[in-house]
Amino acid sequence: MLLCTVPTANYSNRICKIVRFFVSFSSSCALRTIDFVEESSTHDCDYIKLQRRTQNYATSGHFRKALETLSSMRNAPGKPTVYDYNSLMYCYLRSRNVLLEELVEVYLGMKRFGPAPNALTFNVLLNGMLSLGNLKDMFFVANEMCGSGFVPSFTMLLKVLKKSLELGSLDCSLGVFRLMLRLEYFPTEPVLNLLISLLTKARMIREAYSVLSALLGKGYFCSVYSYNLILWALCKSGQSYAALELFCLMKKKGIVQNVCTYTALVYGFGREGLGVDLFRCLNIMQSDGFKPNLRTYTIIIKFLCDAGRVEEALEYLDRMEREGCDPDLITYNIILRELCHQDKVGKICELVQVIDQRGFSPNPYTYAALAGGMLKVGKIGMAHKILLDVIARGCTLDVAVYNIYFNCLCCDYRSREALSLLKSMMEDGFTPSIVCYNTILKGFCRENSIEEALELMDSFEWENKGPDVVSFNTILSAACKQGNSSLIQRILFRMEHEGVELNVVSSTCLIQYFCTVGKFSECLKLMEYMMRNGPTPTTIALNMLLDKLCKSGLLRSAHGIFEYLRNTACVPDTTSYNILIRAFRREGALVGREAINCSPAEGSDAREWAYSKYCNLQYPIEGNVPERIVELATPTSSEFPEKNKPLISMHEFFGQKWRALYQPPNKEIAAQLYVQNIMSSLAIPGFQTVDIGDIVTTTAIIIFSYLASFKLGRLMSLYPGNSWSQLRIMVYVCIPAWQVDAPRSTILMIRNAKSSVPFGICVSPLPNSWIEFAVEYLIVDMIIIQDCSPCAVSWLIAVCLFCCSCSGSPYAELLRHAWGEPLSIMASACS
DNA sequence: GTCGAGGTGA
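Residues numbered from 1 in each chain as written. Chains lettered and ligands numbered in written order. Predicted model: local features only at pLDDT ≥ 70, side-chain atom pairs only at ≥ 80, totals over all residues. Heavy atoms only, no water.

Quoted verbatim from the Sequence similarities (unreviewed entry) field of the UniProt record, the comment on chain A reads "Belongs to the PPR family. P subfamily." (UniProt positions renumbered as here; feature names shortened; annotations may be inferred.)

Structure representation (structure tokens):
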């Protein structure tokens with residue numbers, strides 16, 4: 001609904017003053033009535049003189065004198081006329097020192113005692129107020145004009161609307177807009193767009209939309225630009241599905257959409273992590289005949305990077321260039337940031353070179369991407385070095401870059417140094433942001449100086465923006481981790497006192513506190529309260545609770561709560577499964593061959609399926625799901641029944657060597673070094689790296705060879721039946737989309753082999769613990785690999801290939817073809 | 001004309 005406060009600034013006072021003026025004015029006129037007849041012959045001549053004198057006084061800004069002169073016209077009958085008043089106002093408005101209040105007083109006096117204001121009166125006043133920029137009075141006069149039966153012109157109201165937009169008054173702008181609409185005046189498109197734009201920037205999207213729909217209701221045609229403004233606002237505020245509805249409405253209304261329209265949706269879906277919708281929208285955009293532009297591509301790249309799919313992002317970068325849509329520094333900065341997050345040193349160097357070759361100079365965002373990204377993966381020293389270097393070189397930096405620098409110091413347990421640096425920078429004119437203060441608070445908390453952090457919070461010059469909920473949560477979190485209840489109470493009291501409301505992060509901290517001190521019942525009460533009244537607990541809170549319950553030996557309770565919550569808004573993620581599966585394993589709950597002797601149904605979630613195998617076999621939840629999660633708080637006494645030991649533990653055999661094999665080469669560079677090490681230590685004659693793909697393939701070959709050279713005999717002796725043909729390994733290889741393309745040959749091969757060798761491929765993220773599980777119980781029928789580590793994927797593929805080829809399987813030929821030379825090395829090792 | 005990037009809390 002459009003709202004507008006009608007400016008009624010204390011007019012009663014003014015009316016009192018003006019009444020006094022008009023009363024004395026009238027009585028002085030009455031006293032002189034006797035003289036009227038004698039003086040009438042001279043009146044015409046005097047009147048013209050008085051008119052001129054009034055105008056002169058008014059023009060030179062002597063308002064009171066002008067008004068007195070005007071009042072002396074009363075000697076002439078019917079004078080002063082409304083035109084005299086208008087003339088006075090007009091001239092006074094041309095003077096330099098105008099007090100609008102005086103004009104309003106005169107207007108109110110005219111209204112009350114006459115002569116009645118006419119259309120010109122209002123126009124004179126409006127024009128004057130427009131040039132002086134007094135919105136309150138301007139809106140008042142416009143309303144008065146309508147109320148007096150005059151119609152302000154379209155031009156006049158448009159000017160008023162423009163002025164109020166220029167001055168940023170949304171209330172007034174909306175008021176004028178409504179007034180215009182009442183008079184069937186439609187603002188011009190630029191003015192309308194300015195109004196919508198200002199409203200959306202003030203997060204008044206609903207109001208912006210009501211402006212649009214009010215116009216549509218009057219049959220006005222709104223252009224695609226107006227729609228796009230609202231579409232973008234919806235997408236930027238996490239309402240992409242609402243944006244989609246608007247998008248459909250546009251189509252229905254026959255609005256010709258443009259690239260910017262589609263790009264808004266692409267942005268919205270990407271921002272909310274809705275990849276399927278994003279790419280669907282991209283396809284629709286292209287089939288509708290629109291080519292993605294620089295911004296569209298940048299948004300897609302940002303989405304991919306945020307999802308860790310940097311290889312795909314790089315493919316889009318290539319695609320842009322192929323299509324003649326050159327990336328700019330924004331595009332590069334986005335990729336650079338993600339490459340840093342993934343610690344891909346080689347690619348970072350390459351990209352930095354490309355940026356340089358394209359003639360771009362690094363900007364503060366570039367430095368933030370590099371240093372911030374490195375800091376996030378724990379390379380504090382490197383981040384610190386980069387920033388020291390750019391500071392020393394006098395590069396233009398901004399507050400965000402300095403915040404990363406402060407964070408570097410704090411992560412290095414140098415919070416005090418960060419604080420004193422901040423103080424000295426402030427003396428030199430640096431204006432810190434709220435993030436800066438919060439970073440330093442976090443540093444102090446990290447160094448266990450929570451009390452000091454609280455004192456600091458008081459001493460910071462927050463201006464009027466803080467401390468905010470993040471500041472409080474920073475300290476609250478530290479207090480909760482310590483289990484310091486009195487400190488927690490103090491913080492909560494402060495928050496209440498300062499009007500800072502608890503949010504979902506604050507509540508999660510409290511959940512952590514209850515878990516830390518073992519008050520599970522309190523914790524569950526809080527969770528339940530949050531589920532009923534909000535904010536809904538997040539997966540992080542769920543995981544925290546599960547972890548603490550499991551670590552306290554309350555696996556059955558954890559399992560029950562998990563089952564209960566998974567059907568609510570609190571959705572479990574990979575970590576949730578990890579926690580439970582680890583706990584099951586710790587408690588001796590074995591998943592052996594018999595546990596997983598079937599495959600997940602076509603199209604089902606392998607993670608869910610495997611989890612259910614664990615749970616149903618080992619800890620079935622009996623009875624109905626309780627009504628309230630608090631009922632799950634008390635664990636039963638027989639939580640962990642004894643379970644069988646694994647028939648064969650490959651863990652005993654593979655031991656630490658296998659762990660070492662799969663753990664270090666998580667990162668590409670480490671993997672390369674690792675490969676070189678193994679190659680030199682193996683010293684297999686005639687061994688060559690086969691360049692059929694990427695590091696994944698190469699690493700797989702190396703490990704493959706390693707297994708062939710050193711482990712075969714022992715493996716065979718340990719395996720029951722001593723026959724490779726009996727070895728059945730079912731592999732659910734989880735390969736995220738970015739890897740599917742890389743080792744294409746490998747995937748293809750496994751797919752071909754799938755019909756008779758028990759391989760399976762599942763493309764969906766899976767928990768890390770399952771890799772560990774696979775390492776420990778390699779003989780069981782399932783190996784599931786998580787998404788990220790190329791090396792982990794490759795060695796399991798390698799193991800499988802190795803086993804298959806050794807058994808003299810009909811696929812040996814296929815494998816030999818695909819793997820070439822190393823396979824023959826392996827074959828000779830076998831013999 | 002409308003549109004894309006970095007830094008703080010669980």
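A.B. asks: Before we go on, may I ask you to explain the overall build of chain A in this structure?
C.D. replies: Helix and strand counts for chain A stand at 42 helices and 3 strands. For chain A, the proportion of its 831 residues judged to be buried stands at 50%. (Helix = DSSP H or I, 4+ residues; strand = E, 2+ residues; numbered from the N terminus. Buried < 20%, exposed > 50% of the residue type's maximum accessible area, 1.4 Å probe, protein only.)

A.B. asks: For this particular structure, what's the right way to read the protein's contact with DNA strand B?
C.D. replies: For DNA strand B, the set of nearby residues contains 54 residues, the closest of which are R295, D398, N403, S433 and N438. Of all atoms in DNA strand B that approach within 4 Å of the protein, 41% are sugar or phosphate atoms. Contacts to DNA strand B include T331, whose side-chain N or O atom sits 3.2 Å from a base nitrogen. Q512 places a side-chain nitrogen or oxygen 3.4 Å from a sugar or linking oxygen of DNA strand B. (Near = heavy atom within 4 Å. Polar contact = N/O pair within 3.5 Å; in protein donor to acceptor, adjacent residues only side chain to side chain.)

A.B. asks: Would you mind showing me how to read the nonpolar core here?
C.D. replies: Core analysis: the biggest nonpolar cluster contains 192 residues, and L103, I300, I301, I335, I440, I475 and L545 have the highest contact counts within it. At 9 residues, the largest contribution of residues to this core is made by helix α22 (residues 399-411). Filtering out sequence-adjacent residues up to four positions away, I301 remains in contact with A313, Y316, L317, M320, T331, I334 and I335. (Core = buried A, V, L, I, M, F, W, Y, C linked by side-chain atoms within 4.5 Å. Contact = heavy atoms within 4.5 Å.)

A.B. asks: Please clarify how unusual backbone geometry should be interpreted in this entry.
C.D. replies: Working note: non-glycine residues mostly have negative phi, and peptide bonds are mostly trans. In this structure, the amide linkage connecting G114 to the following residue, P115, adopts the cis form with an omega of -5 degrees. With respect to the helices, strands and loops of the structure, P115 is situated in the loop between α5 (100-113) and α6 (119-132). Geometrically, the link from G534 to P535 is a cis peptide bond, its omega value of -5 degrees lying close to zero. In this fold, P535 is placed in the loop between α29 (520-533) and α30 (539-551). Positive phi, close to 60 degrees, is recorded for R203, a residue that is not glycine. Tracing the backbone shows R203 in the loop between α10 (189-201) and α11 (205-217).

A.B. asks: What is the right way to read the pattern of salt bridges from this model?
C.D. replies: Going through the model one piece at a time under the given rule, you end up with 25 salt bridges. In this structure, R337 engages D306 in a salt bridge whose closest nitrogen and oxygen atoms are separated by 3.8 Å. Residue R337 is found in helix α18 (residues 329-341), and its partner D306 is found in helix α16 (residues 294-306); the two are separated by 31 residues along the sequence. The exposure class assigned to R337 is partly exposed, which follows from its relative accessible area of 33%. (Salt bridge = Lys/Arg side-chain N within 4 Å of Asp/Glu carboxyl O.)

A.B. asks: Would you mind going over the packing of helix α9 (residues 170-182) against α11 with me for this structure?
C.D. replies: Contact geometry of α9 with α11 gives a least axis separation of 11 Å together with a crossing angle of 10 degrees. Accordingly, the angle class assigned to the pair α9 and α11 is roughly parallel. Note on element contacts: α11 touches α9 through E207, V211, A214 and L215, opposite L174, F177 and L181. A class-by-class count of the residues in the contact of α9 with α11 yields 6 nonpolar, no polar and 1 charged. (Axes fitted to C-alpha atoms, helices over the stretch in contact; angles between N-to-C directions. Parallel < 35°, antiparallel > 145°, perpendicular 65-115°, else oblique. Nonpolar A, V, L, I, M, F, W, Y, C, P; charged D, E, K, R; others polar.)

A.B. asks: Would you mind showing me how to read helix α13 (residues 240-252) here?
C.D. replies: Residues spaced three or four apart along an α-helix face the same direction, because each turn holds 3.6 residues. Along its 13 residues, α13 runs 18 Å from first to last C-alpha, staying within 8% of the 18 Å computed at 1.5 Å per residue. For α13, the set of buried residues is S240, A243, L246, F247 and M250. Buried residues of α13, seen end-on, are gathered within an arc of 110 degrees and therefore sit on one face of the element. Of the exposed residues in α13, those oriented more than 90 degrees away from the buried face are E245 and K252. (Expected span 1.5 Å × (residues − 1). Arc of directions from axis to C-beta.)

A.B. asks: Even after reading the chapter, I still don't get the environment of S71, so can you show me in this structure?
C.D. replies: Counting through the fold element by element, S71 comes out in helix α3 (residues 63-71). Counting along the chain gives 21 residues from S71 to L50, while the straight-line C-alpha distance between them is 9.4 Å. In this structure the side chain of S71 is engaged in a polar contact, spanning 2.6 Å, whose partner is the backbone oxygen of E68.

A.B. asks: Explain the packing of aromatic side chains here, please?
C.D. replies: Geometry of an aromatic ring pair is reported as the spacing of the ring centres plus the angle between the planes. Enumeration over the complete set of coordinates arrives at 20 aromatic pairs. Both rings, one in Y297 and one in Y316, keep their centres 6.2 Å apart while their planes meet at 50 degrees; by these two values the pair is tilted. With Y297 in helix α16 and Y316 in helix α17 (residues 310-322), this residue pair connects regions lying 19 residues apart in the sequence. Exposure remark for Y297: the relative accessible area of 0% places this residue in the buried category. An angle of 65 degrees between the planes, with centres 6.5 Å apart, marks the rings of F406 and F430 as edge-to-face. (Phe/Tyr/Trp six-rings, centres within 6.5 Å; stacked < 30°, edge-to-face > 60°.)

A.B. asks: Whenever I open this one, helix α14 (residues 259-271) confuses me. Can you help?
C.D. replies: Over its 13 residues, α14 extends 18 Å from the first C-alpha to the last, a length consistent with the 18 Å expected when each residue adds 1.5 Å. The buried fraction of α14 is high, at 10 of 13 residues. Taken as a whole, α14 has its buried residues at V259, T261, Y262, T263, A264, L265, V266, G268, F269 and G270. Buried residues in α14 make contact with α12 (224-236), α13, α15 (275-287) and α16. Capping the start of α14, N258 holds a side-chain oxygen 3.1 Å from the backbone nitrogen of C260, two or three residues further along. Just beyond α14, the residue with positive phi is G273, at close to 70 degrees.

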